[in-house]
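Reading the structure
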Amino acid sequence: MAQNLDRHLGIAREWHPHDYVPWSRGRDFAFLGGEDWTPADSPLDPVAKTAMVVNLLTEDNLPSYHREIATRFGRDGAWGHWVGRWTAEEARHGIALRDYLVVTRGVDPVELERARMAQMSVGYDSGDKTPLQGLAYVSFQELATRVSHRNTGRATGCPIAEQLLSRIAIDENLHMVFYRNVMAAALDMYPDDAMEAIRDEVVGFAMPGSGMADFARNSVIIAKAGIYDLRQHRDEVVMPVLRHWRVFDRDGFGPRAERARDELSAFLAELDERATRFTEKRERARARTA
């Protein structure tokens, strides 16, 4: 923990949300004598708009995420320092995304605020995950969030939004590396328990925003646009992390870990088939539209 905290603090670079917001585009809303939002105000592609709102509402549940990791890992020593640092870095993401969307009138700010209230009122609860399950989950989830942010930025058609989301993705990648490295140590120290945790989190994986209203419908829209789909989840998120851990190359597993590894392998084969079917179906639909 201490080694990876020092590593993170040594390579993380300071940045400021206000630098990524085109303030000159802003104007007052009706409450201050200006004009309220209309759909014609938004310069964003509808799919990119959906993805940005999902990303932002996911970031909004930061208080719940702070509680989750503080409860799982404690607030003493290196863990406590990390919990605070991670929370502070993550807070920048919601600040910058909301400022960008409101200033550029990318979305209806009234609906956005109502969605935020609903999302944070429900909060996020990962259930009764063990610390090892929590570590495995965030190793995948941080990378999934990075991929989603980067692809959303490209889909916006706005150079400023793409620059902002790319910067957020850098944070997410550093967070992934931190958790991934700690989980690698757990695999060496507690191979059976860690392997079972990895299997559990790959098989049961769900994004932290899955509890928000219309998440399933919006996820389909995002997947059809190629921003985040099953193929990307398997090939760009799950498999790179598993390869780093050498999950399928390790020796010395006990019977529990061997069984968990076999079950993970079977699930990955099924996931590969599902991803292929989805991609083929999407390409057929695009061809018909063309």
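Presented here is a report on the structure given in the accompanying data block. (Residues numbered from 1 in each chain as written. Predicted model: local features only at pLDDT ≥ 70, side-chain atom pairs only at ≥ 80, totals over all residues. Heavy atoms only, no water.)

Some thoughts on the packing of helix α1 (residues 2-11) against helix α4 (residues 77-103)
Where α1 contacts α4, the two axes come as close as 9 Å, and the packing angle between them is 30°. The angle between the axes of α1 and α4 places the two elements in the roughly parallel class. Relative to α4, the crossing made by α1 is left-handed. Facing Ala2, Leu5, His8 and Leu9 of α1, the residues of α4 in contact are Ala78, His81, Trp82, Arg85 and Glu89. Looking at the contact of α1 with α4 residue by residue, the class counts come to 5 nonpolar, 2 polar and 2 charged. (Axes fitted to C-alpha atoms, helices over the stretch in contact; angles between N-to-C directions. Helix = DSSP H or I, 4+ residues; strand = E, 2+ residues; numbered from the N terminus. Parallel < 35°, antiparallel > 145°, perpendicular 65-115°, else oblique. Left-handed = near helix turned anticlockwise from the far one by under 90°. Contact = heavy atoms within 4.5 Å. Nonpolar A, V, L, I, M, F, W, Y, C, P; charged D, E, K, R; others polar.)

Side note on the layout of surface pockets
If you roll a probe as big as a water molecule over the atoms, it shows you where there is empty space left. As a volume, the largest pocket reaches approximately 690 Å³. For the largest pocket, the lining is made up of 30 residues, of which Met207, Phe215, Ser219, Tyr228 and His233 are closest to its centre. At the level of elements, α2 (46-60), α6 (131-156), α8 (191-203), α9 (215-224), α10 (230-244) and α11 (255-289) are the ones that each hand at least two residues to the lining of the largest pocket. Taken together, the residues of the lining of the largest pocket sort by class into 17 nonpolar, 10 polar and 3 charged. The calculated volume of the second largest pocket comes to roughly 450 Å³. Taken together, 19 residues form the lining of the second largest pocket, with Val53, Leu57, Ala115, Asp214 and Asn218 sitting closest to its centre. Partitioning the lining of the second largest pocket into residue classes produces 10 nonpolar, 4 polar and 5 charged. (1 Å grid on protein atoms, 1.4 Å probe; cavity = no way out; pocket = protein on both sides within 12 Å on 5 of 7 lines; lining within 4 Å. Points joined across faces, edges and corners; volume = space filled by probe spheres on them.)

A short note on the environment of Leu242
The topology assignment puts Leu242 in helix α10. A residue is classified by how much of its surface remains accessible, and Leu242, at 1% relative accessible area, is buried. Along the chain, Leu242 and Phe253 lie 11 residues apart, while their C-alpha atoms are 15 Å from each other. Not counting chain neighbours up to four residues away, the residues in contact with Leu242 comprise Phe140, Ile198, Val247, Phe248, Leu264 and Leu268. (Buried < 20%, exposed > 50% of the residue type's maximum accessible area, 1.4 Å probe, protein only.)

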